[in-house]
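# Analysis of the macromolecular model
The primary structure of each chain is shown beneath.
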Amino acid sequence: MVSHFTTRRLSTPVLRAHPVMEEFEDAASQLAVEEQRLTECEGKLTAKREELRRLNDEINKLERDRITISQLVAEKRKAVMNEVDVALTTRQQMVDNKSLLARIKSLECQLLEAESEVRKPVLGAEISEARRFNLEGVWVISTVENSPSRIAGLLPGDVIYEWNGSPISNRDDLKRALTASSPNEVVYVSVIRSDSDALSARSRKRIKVVLGGSPRVKPQSSKCVRISESPTRSPTVM
């Protein structure tokens, strides 16, 4: 025996899908696809933002490098300009020094010309380093005719060891003493005179000498260059 309920279920027809439901499902599917695309776009956008940030960092770094390079260039330009200024100043100083040297040389020429008229004190004796008695002093080798030394009585072989009481050890000492004197000045020269190598009190003499005078010779060089003394120790006439 079939129940009433069973008979009713079997007799009910199957429901078909409603067109609205199908549209809803299509719209839901499309929405899911769009959401997937949106997610992908957001990922790409994030990547682009990161890339843009890196580009901005690189741009900032390049800008800092540019500023640094500009500062270095400015400092280098300033240093070069300073070197140029120093070089120009040095060049001007060299020009000024050349002018000064030319002026000094001109004054030296004038001084030499003026000194050429000045009389030098003259002893009139040929002297050398003392060797005969193994003493410090200068040895009179010879005297010039009518010179102050011959008139005063200096003889060849005399050893001059004092000039106005100041010791004379070598030719330089005698030259300085003579240069410090004046023409026609009276000086006292102490000498050792002996016919033998033996020394005694009688061999020492103090001689009065009236110095003569002689004009200086004008320099022959057109450039007024002084000729230095020879380093050799040959006899010298004073």
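Conventions we followed
- Residues numbered from 1 in each chain as written.
- Predicted model: local features only at pLDDT ≥ 70, side-chain atom pairs only at ≥ 80, totals over all residues.
- Heavy atoms only, no water.
- Helix = DSSP H or I, 4+ residues; strand = E, 2+ residues; numbered from the N terminus.
- Patch = residues over 30% accessible without salt bridge, like charges linked within 9 Å, V, L, I, M, F, W, Y side chains within 5 Å.
- Areas by Shrake-Rupley, 256 points an atom, 1.4 Å probe, with all protein chains shown as cover.
- Salt bridge = Lys/Arg side-chain N within 4 Å of Asp/Glu carboxyl O.
- Buried < 20%, exposed > 50% of the residue type's maximum accessible area, 1.4 Å probe, protein only.
- Arc of directions from axis to C-beta.
- Polar contact = N/O pair within 3.5 Å; in protein donor to acceptor, adjacent residues only side chain to side chain.
- Pairing = 2+ DSSP bridges.
- Core = buried A, V, L, I, M, F, W, Y, C linked by side-chain atoms within 4.5 Å.

## Here's the deal with the overall build of the chain
When you go through the chain residue by residue, the secondary structure sums to 4 helices and 9 strands. Taken from the N to the C terminus, the helices and strands of the chain come in the order α-α-β-β-β-α-β-β-α-β-β-β-β.

## Here's the deal with a nonpolar patch on the surface
On the surface, Leu52, Leu55 and Ile59 cluster together to form a nonpolar patch covering roughly 280 Å² of accessible area. Of note, Ile59 is situated in helix α2 (residues 19-115).

## Let's talk about helix α4 (residues 171-179)
Within the sequence span of α4, burial applies to Arg171, Asp173, Leu174, Ala177 and Leu178. Each buried residue of α4 sits inside an arc of 160 degrees when the element is viewed along its axis, so together they form one side. Among the exposed residues of α4, those pointing more than 90 degrees away from its buried face are Arg176 and Thr179. Between the side-chain oxygen of the N-cap and the backbone nitrogen of Asp172 there are 3.1 Å, and the N-cap of α4 in question is Asn170.

## Focus: the pairing of strand β2 (residues 125-129)
The buried fraction of β2 amounts to 4 of the 5 residues, a majority that puts the element mostly inside the structure. In the sheet, β2 pairs with strand β3 (residues 138-143) via 5 bridges, with the strands oriented antiparallel. In the sheet register, Ser128 faces β3, and the bridge partner there is Trp139.

## Topic: the nonpolar core
If you look at the biggest cluster of nonpolar residues, it comprises 18 residues, and the most contacted ones within it are Leu123, Ile160, Trp163, Val189, Val209 and Leu211. Listed by contribution, the elements that provide at least two residues to this core are β2, β3, β4 (159-163), α4, β6 (186-192) and β7 (204-210).

## Digging into the pairing of β4
Of all 5 residues making up β4, 4 are buried, and the element is well covered by its neighbours. As defined by bridge partners, β3 adjoins β4 across 2 bridges and the pair is classed as antiparallel. Bridged to Trp139 within β4 is Val159. For β4 and β6, the ladder comprises 4 bridges, and the chain directions are antiparallel. For Glu162, the partnering residue across the bridge sits in β6 and is Ser190. Where β4 and strand β5 (residues 166-167) come together, 2 bridges link them in antiparallel fashion. Bridge pairing in β5 places Glu162 opposite Pro167. If you look at the hairpin formed by β4 and β5, you'll find 2 residues sitting between the two strands, and Asn164 has a positive phi there, around 55 degrees.

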